[in-house]
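# Examination of the molecular architecture
Residues per chain, in single letters:
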Amino acid sequence: MTDRPLTLMAVHAHPDDEATGTGGILARYVAEGIRTVLVTCTDGGCGDGPGGVKPGDPGHDPAAVALMRRQELEASCGVLKISDLEMLDYADSGMMGWPSNDAPGAFWQTPVEEGAARLAELMRHYRPDVVVTYDEYGFYGHPDHIQAHRITMAALEMTALTPKVYWTTVPRSMMQRFGEVMREFGEDMPEPDPAEAAARAEIGLPDDEITTWVDTTAFSGQKFDALAAHASQGENIFFLKMGKERFGELMGVETFVRVRDTTGAAVPENDLFAGLR
């Protein structure tokens, strides 16, 4: 045994991703005395600018947006009490198919080996016991999420570390519930074309394929406040529209699929650190 604290490392693509998918576990594990390390891969420069100005529109300044989003990310980390924030600061690639995918310096254009080497250095420094990132599809096909997955898995191969590794996911039953709640709050949901509908149907996993269900109900208020810290992106964060109470009812469990483990902890499990303490 050593005096080194148990450590969770979450590798995310953009500012605000930390709150959306993992805000509950980050807050919960801090409260349990676990060191939390957030690695944010891009600067978020393809997000909305002041006044909701969109990328590519007149007046959108990616550098100014990136600075604003860094400040919001630091505020979110304060709300969640994250121990350590590391930013790789690659340029935000934007959504799949955007011209920004091909821009010099875009994360999507960065060789996986380069990003992985930088992340591996952080892994060697922090020595995480648990690593969380996205699946190979980036959860919903965003190029920066896919790239975050790629560099995370490659970085693990570059180190001699053997953490438990998880990919974020959502149960298909919850995806259905999300749709119902969005309609309840009057969200405009045009009928998708067949290809888009098929892609949406592939988001998340069947409930029985999810290995890990973590109760974060007690921390849903912190998660809501962390999302709210990303005020410039509020138009894109549907969950803020439902208020804290409904948010807590809907978002009180965070789910994952365990893809690497040396502890032998049985699944399904309710703790990312099962078998480690």
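Residues numbered from 1 in each chain as written. Predicted model: local features only at pLDDT ≥ 70, side-chain atom pairs only at ≥ 80, totals over all residues. Heavy atoms only, no water.

- Going by the annotation in an unreviewed UniProt entry, the name recorded for the chain is 1D-myo-inositol 2-acetamido-2-deoxy-alpha-D-glucopyranoside deacetylase, with Actinacidiphila cocklensis given as the source organism.

### Describing the pairing of strand β3 (residues 84–90)
- Sheet topology places strand β2 (residues 35–42) next to β3; 5 bridges connect them, and they run parallel. Of the residues in β3, the one forming a bridge with Thr42 is Tyr90.
- Handedness of the crossover joining β2 and β3 through helix α2 (residues 62–80) is recorded here as right-handed. (Pairing = 2+ DSSP bridges. Helix = DSSP H or I, 4+ residues; strand = E, 2+ residues; numbered from the N terminus. Right-handed = clockwise from strand over helix to strand, strands pointing away.)

### With respect to the packing of aromatic side chains
- Per the stated rule, a full pass over the model turns up 5 aromatic pairs.
- Ring centres 5.1 Å apart and planes at 20° place the aromatic pair Tyr90 and Phe107 in the stacked group. With Tyr90 in strand β3 and Phe107 in the loop between β3 and α3 (112–126), this pair connects stretches of sequence that are 17 residues apart.
- You can call Phe107 buried: its relative accessible area is 0%.
- Seen from their ring centres, Phe139 and Tyr140 are 6.5 Å apart, and the 80° between their planes marks the pair as edge-to-face.
- The exposure class assigned to Phe139 is partly exposed, which follows from its relative accessible area of 21%.
- Among the residues examined, Tyr140 registers a relative accessible area of 35% and is labelled partly exposed. (Phe/Tyr/Trp six-rings, centres within 6.5 Å; stacked < 30°, edge-to-face > 60°. Buried < 20%, exposed > 50% of the residue type's maximum accessible area, 1.4 Å probe, protein only.)

### Focus: the packing of helix α1 (residues 17–31) against α2
- Viewed as axis vectors pointing N to C, α1 and α2 meet at an angle of 35°, and their least axial separation amounts to 9 Å. Along the contact surface, α1 presents Glu18, Ala19, Gly23, Leu26, Ala27 and Val30, while α2 presents Leu73, Ser76 and Leu80.
- Taken together, the residues of the contact of α1 with α2 break down into 6 nonpolar, 2 polar and 1 charged. (Axes fitted to C-alpha atoms, helices over the stretch in contact; angles between N-to-C directions. Contact = heavy atoms within 4.5 Å. Nonpolar A, V, L, I, M, F, W, Y, C, P; charged D, E, K, R; others polar.)

### Digging into the pairing of β2
- The buried fraction of β2 amounts to 7 of the 8 residues, a majority that puts the element mostly inside the structure.
- Sheet topology note: the strand β1 (residues 7–12)/β2 ladder contains 6 bridges and is parallel. When the sheet's bridge partners are listed, Met9 is paired in β2 with Val37.

### Describing helix α8 (residues 220–229)
- Inspection of α8 places Ser220, Lys223, Phe224, Ala226, Leu227 and Ala229 among the buried residues, and these make up the whole buried set.
- On its buried face, α8 is in contact with α1, α2, α9 (243–250) and β7 (253–260).

### As for the side chain of Glu269
- When you line up the elements, Glu269 lands in the segment after β7.
- Judged by relative accessible area, Glu269 falls into the buried class, the value being 6%.
- Side-chain polar atoms of Glu269 contact the side chain of Lys164, separated by 3.2 Å.
- Glu269 has contacts with Lys164, Tyr166, Thr211, Thr212, Trp213, Arg258 and Ala274, leaving out every residue within four places of it along the chain. (Polar contact = N/O pair within 3.5 Å; in protein donor to acceptor, adjacent residues only side chain to side chain.)

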